[in-house]
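Per-entry structural report
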Amino acid sequence: MIFSSLTSIIAGRPDTAAPSSIEATSGLLYIIDTFVLKTINRFTKEVDDNYPLLPEFRDGDDLEFARRLILQTMNGADYYRSLISQNTRNWDVERVPLMDRIIMQVALAEITSCPTIPLSVSINEYIEIAKSYSTPNSARYINATLDNISKKLIADRKLTKNA
């Protein structure tokens, strides 16, 4: 169900191809698996067959936001990877856990393309996502990396956002 929604998000524009990279596909599958597990874990012996599943999206606006964010992430993937790579001191970016790289790329897409969302709101949202979907140390690492990248983008006047 969610997989078909993600593919429909990507297919929502005929000029957009599905992600070809193994990294993007692996990340999406991991998120889908986690979503499915969280849904299954909501069921208990006390719950009847009519217990509602978690909604994929709150409303049409959320679906459209997700579409735009995925497309922005895919279209700017090289740029976001380079920003992350420039901010991993003495560390090969390929050694950063896959999920952390994916979370940071999506976060950077939101930070750079959604001017009405305050910077601190975006960063905090992706810290929370990291707590659910990545390693125990990921939230701190993602916070520091996104904060450093944002400060550099602001200093270089490539980003104008409120905290």
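The structure we're discussing is the one just above.
Basis of the calculations
- Position numbers for residues count from 1 along each chain, tracking the sequence in the order it is written.
- Predicted model: local features are reported for residues with pLDDT of at least 70 only, side-chain atom pairs are reported and counted for 80 or more only, and whole-chain, interface and lining totals are derived from all residues.
- Heavy atoms throughout the structure, all of them, feed into the side-chain values; hydrogens and water do not.
- A helix here means a DSSP run of H or I that spans at least four residues, while a strand means a run of E at least two residues long, and both kinds are numbered starting from the N terminus.
- Here's how the labels work: a residue is buried when its accessible area is under 20% of the maximum for its type, exposed when over 50%, partly exposed in between, all with a 1.4 Å probe on protein chains only.
- Should any heavy atoms of two residues lie within 4.5 Å, those residues are considered in contact.
- Cavities and pockets are defined on a 1 Å grid built over the protein atoms alone: a cavity is a set of grid points where a 1.4 Å probe fits but cannot escape, while a pocket is an open set with protein on both sides within 12 Å along at least five of seven lines, and lining residues are those with an atom within 4 Å of any such point.
- Grid points are joined across faces, edges and corners, and a volume is the space filled by probe spheres set on the points.
- Put simply, Ala, Val, Leu, Ile, Met, Phe, Trp, Tyr, Cys and Pro go in the nonpolar bin, Asp, Glu, Lys and Arg in the charged bin, and everything else, Gly too, in the polar bin.
- For this analysis, a salt bridge means a side-chain nitrogen from Lys or Arg found within 4 Å of a carboxyl oxygen belonging to Asp or Glu.

Here we look at the overall build of the protein
Scanning the protein for helices and strands turns up 7 helices and 0 strands. Across the 163 residues that make up the protein, the buried fraction comes to 34%. Excluding contacts between residues fewer than 6 apart, the proportion of contacts in the protein whose partners are at least 24 apart in sequence is 69%.

Some thoughts on the layout of surface pockets
In this approach a probe as big as a water molecule rolls over the atoms, and the regions it shows empty are the leftover space. Space inside the second largest pocket adds up to approximately 150 Å³. Lining the second largest pocket are 11 residues; nearest its centre among them are Arg68, Leu69, Gln72, Ser113 and Cys114. For the lining of the second largest pocket, a count of residues per class yields 5 nonpolar, 4 polar and 2 charged.

Structural notes on the pattern of salt bridges
Across all of its chains, the model carries 5 salt bridges by this definition. One salt bridge connects Glu64 with Arg67, and the closest N-O pair in it is separated by 3.4 Å. Within this pair, Glu64 and its partner Arg67 are both found in helix α3 (residues 60-75), separated by 3 residues, close to a single helical turn. By relative accessible area, which is 32% here, Glu64 ends up partly exposed. Residue classification places Arg67 among the partly exposed positions, given a relative accessible area of 22%. When the shortest N-O distance is used, the salt bridge between Lys131 and Glu128 registers 3.1 Å. Placement of both Lys131 and Glu128 in helix α6 (residues 119-133) is noted, with a separation of 3 residues, approximately one turn of the helix.

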